[in-house]
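Remarks on the overall topology
Residue strings, one per chain:
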Amino acid sequence: MKFSNHWKVAAASVLLACGSAVAEKPNVVFVITDDQGMGDLGCTGNPYLKTPNLDKFHDGAIRFTNYHVGTTCAPSRSMIMSGRHCNRVNVYHTINGRSILFEDEVTLADVFAQNGYVNAMYGKWHLGDNYPYRPEDRGFHEVVRHGAGGIGQGPDYWWNDYFDDTYWHNGELQKYEGYCTDVFFGEALKFIETNKDKPFFCYLSLNAPHSPYNLPKEYYDMYQGGKFEELHPRLRRFYGMISNIDDNFKQLEAKLDELGLTENTILIFTTDNGTSAGRSTWNAGLKGSKGSQYDGGHRVPFFIQWPKGKLTGGKDLDQLVAAYDLLPTFVDLLDLNFEPKKPLDGKSLKPLLTQENPAWENRMLYIDTQREQNLIKYKKYAVMDDTWRLVDGKNLYNISEDLGQNKNVFDQHPEVAKRLAEGYEKWWQSFLDDGVAERYAYIKVGSPYENPTKIHAHDQIVGRYNDSWHQNGASEGAQSTGKWKIEFVEDGEYSIALRRFPRESGLAINATFPGQEPRIELDKTATGSVKDDFTEAMLYVANISKTQKIKEGQDEVVFKGKIPAGKYDLEAQLIDSGNRVHSAYYVYIEKL
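Everything numeric here is computed off the predicted structure, so don't read it as measured data.

What follows concerns empty space enclosed by the protein. For the coordinates displayed, the defined rule picks out six cavities of 30 Å³ or more. By volume, the largest cavity is sized at about 70 Å³. For the lining of the largest cavity, a count of residues per class yields four nonpolar, one polar and five charged.

Take a look at the structure:
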């Protein structure tokens, strides 16, 4: 493995410097789906799902059967990108400013860019929607993405619903035609064809099959009648979304074949956490689902093929591995230049992939479900090694004999429980030693890279509660209290506009409107406005502490002032006629 002290190098410069040597590097196409668990594939035994193309890929792939991610989506993505545990990098929630990957973390895309790759990201990023946390700020050269952790969530474009949506293309809004999964795969295929003569990293990070389970009618119809009638309607939608992914995966493989790229392309299929809708039917024998500290919450499929690298043939690897192992694995497997600025939690899986009987330690790995404003010790956790699972410090399972974690043998093996518990204490102390508990990811405003900056209640540091993280929260007038962590990068005159609805909606603060018209493809329509009595707006940040009355028909309340460069807590509130406080759902900050 080679190392370099300079990791942020423009891909174009590296290509010129390295010439033909770079072209020999394999391409990497990384497909990750959302909320699809171990049992949500035909090849893992699901008796209902139709996934013939992924089943075929599975049959010819190297398969990690004991691969673990976070229990929810953003934490998993942060570990893949950083090679470090999610608790260490500020991504242990999916909202509340705790799904923003610290600026000083080096990403997998940064590493690829340094080594001459051109990088693209499509779909769900969920590691920050503002500068300097967007994928285009983190090593990706081509980006098409929705906002936040799902289409229709607060930071996303107003009333996107999976069909004919508006997404961010390299930081600019652009309208697309078609179903979201089809759009993201389609854009990826264009990128692959455009860059077929260069080494590329294509990160296809899907929002499907995440709720609200919207899908094209043809896939809805695939799971109607016969044995499917015994399934909950929502589960049938969920399965239809997976079948759509399966068809798109076939098109991806066909494009690689057509361009002659299959032989030297590393193709990966995996998912980001345990199942959401699928837990009531087939869960591949695992206990728990999305959000669970039991294996069903974080043990997911991972299939990899690379014909030129001899990673084919259909083989199971049963060693305990994790999402944060992937970055060091790519560095080692592809001989990439990389000098870690911080200690990695992961280790290279190259010996497992390339050696017949590698020496491999019995590792101790850790996973937890925080989903809180701050890290909380002993919160829904599991300590794992090859044989054992210690869950919440009091439940011990021999996973080699009890895959479903049904028999607690804590009392029979106190020495094992003690060893795993001691490992947890050391692991937790490492976060305290890193000082992560006191750190926040500050959104930077007033820079030439994003001006104006639109922020949303999704990313506020919550005071008491946050029911406003979704667009439906704005529609319904949901209450929340909190503040944003903002860094003004330059002294200057700033305009700060408080809104209930985003500018693209064209709606006034006290507008009322019906929800979207339902259609067969939609599982849940966006809600209509039900609150129309906001009377005042208040802003507190730096040297500004002001209140303004809200006038009839007003769409935003604008405050202006000179703000010195620095880091500040920003509070922006809409106050109703009952004197109830609601954090502003949208805030636009612009350096004038």
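A few words on the sheet that holds strand E27 (residues 586–591). Taken in spatial order, the four strands line up as E18-E27-E21-E24 in an open sheet, and their pairing is antiparallel. Of all strands in the sheet, those bounded by a partner on one side alone are strand E18 (453–456) and strand E24 (557–563). In this sheet, adjacent strand axes meet at a mean angle of 20° when their direction is disregarded. By the bridge criterion, four bridges tie E18 to E27 in an arrangement that is antiparallel.

Take the nonpolar core next. Judged by nonpolar contacts, the single largest core of 60 residues is most densely connected at Tyr67, Phe201 and Phe330. With five residues, helix H9 (residues 326–333) is the largest single contributor of residues to this core. Excluding anything up to four places from it in sequence, phenylalanine 201 contacts Val28, Phe30, Met81, Leu108, Ala109, Phe112, Tyr117, Val118, Asn119, Ala120, Phe140 and Phe191. Residues Tyr179, Leu204, Tyr239 and Phe249 belong to the second largest nonpolar core, which totals 53 residues.

All chains considered together, the criterion is met by 36 salt bridges. Of the charged contacts in the structure, one is a salt bridge between aspartate 35 and lysine 290, with a shortest N-O distance of 3.0 Å. Of the two residues, aspartate 35 sits in the loop between strand E1 (27–33) and helix H3 (52–59) while lysine 290 sits in the loop between strand E9 (265–271) and strand E10 (302–305), which places them 255 residues apart along the sequence. Its relative accessible area of 29% is what places lysine 290 among the partly exposed residues. Put simply, aspartate 272 and arginine 77 hold a salt bridge, and the shortest N to O gap is 2.6 Å. With aspartate 272 in the loop between E9 and E10 and arginine 77 in helix H4 (residues 73–82), the pair connects residues that are 195 residues apart, well separated along the chain. Judged by relative accessible area, aspartate 272 falls into the buried class, the value being 0%. The buried category is assigned to arginine 77, whose relative accessible area is 0%. Here the residues in one salt-bridge network are Arg84, Asp104, Glu105, Lys342 and Arg439, joined through shared partners.

Scoring rules and cut-offs
Residues numbered from 1 in each chain as written. Predicted model: local features only at pLDDT ≥ 70, side-chain atom pairs only at ≥ 80, totals over all residues. Heavy atoms only, no water. 1 Å grid on protein atoms, 1.4 Å probe; cavity = no way out; pocket = protein on both sides within 12 Å on 5 of 7 lines; lining within 4 Å. Points joined across faces, edges and corners; volume = space filled by probe spheres on them. Nonpolar A, V, L, I, M, F, W, Y, C, P; charged D, E, K, R; others polar. Pairing = 2+ DSSP bridges. Helix = DSSP H or I, 4+ residues; strand = E, 2+ residues; numbered from the N terminus. Axes fitted to C-alpha atoms, helices over the stretch in contact; angles between N-to-C directions. Core = buried A, V, L, I, M, F, W, Y, C linked by side-chain atoms within 4.5 Å. Buried < 20%, exposed > 50% of the residue type's maximum accessible area, 1.4 Å probe, protein only. Contact = heavy atoms within 4.5 Å. Salt bridge = Lys/Arg side-chain N within 4 Å of Asp/Glu carboxyl O.

Note that every value here comes from positions in space, so none of it alone points to a role or purpose.
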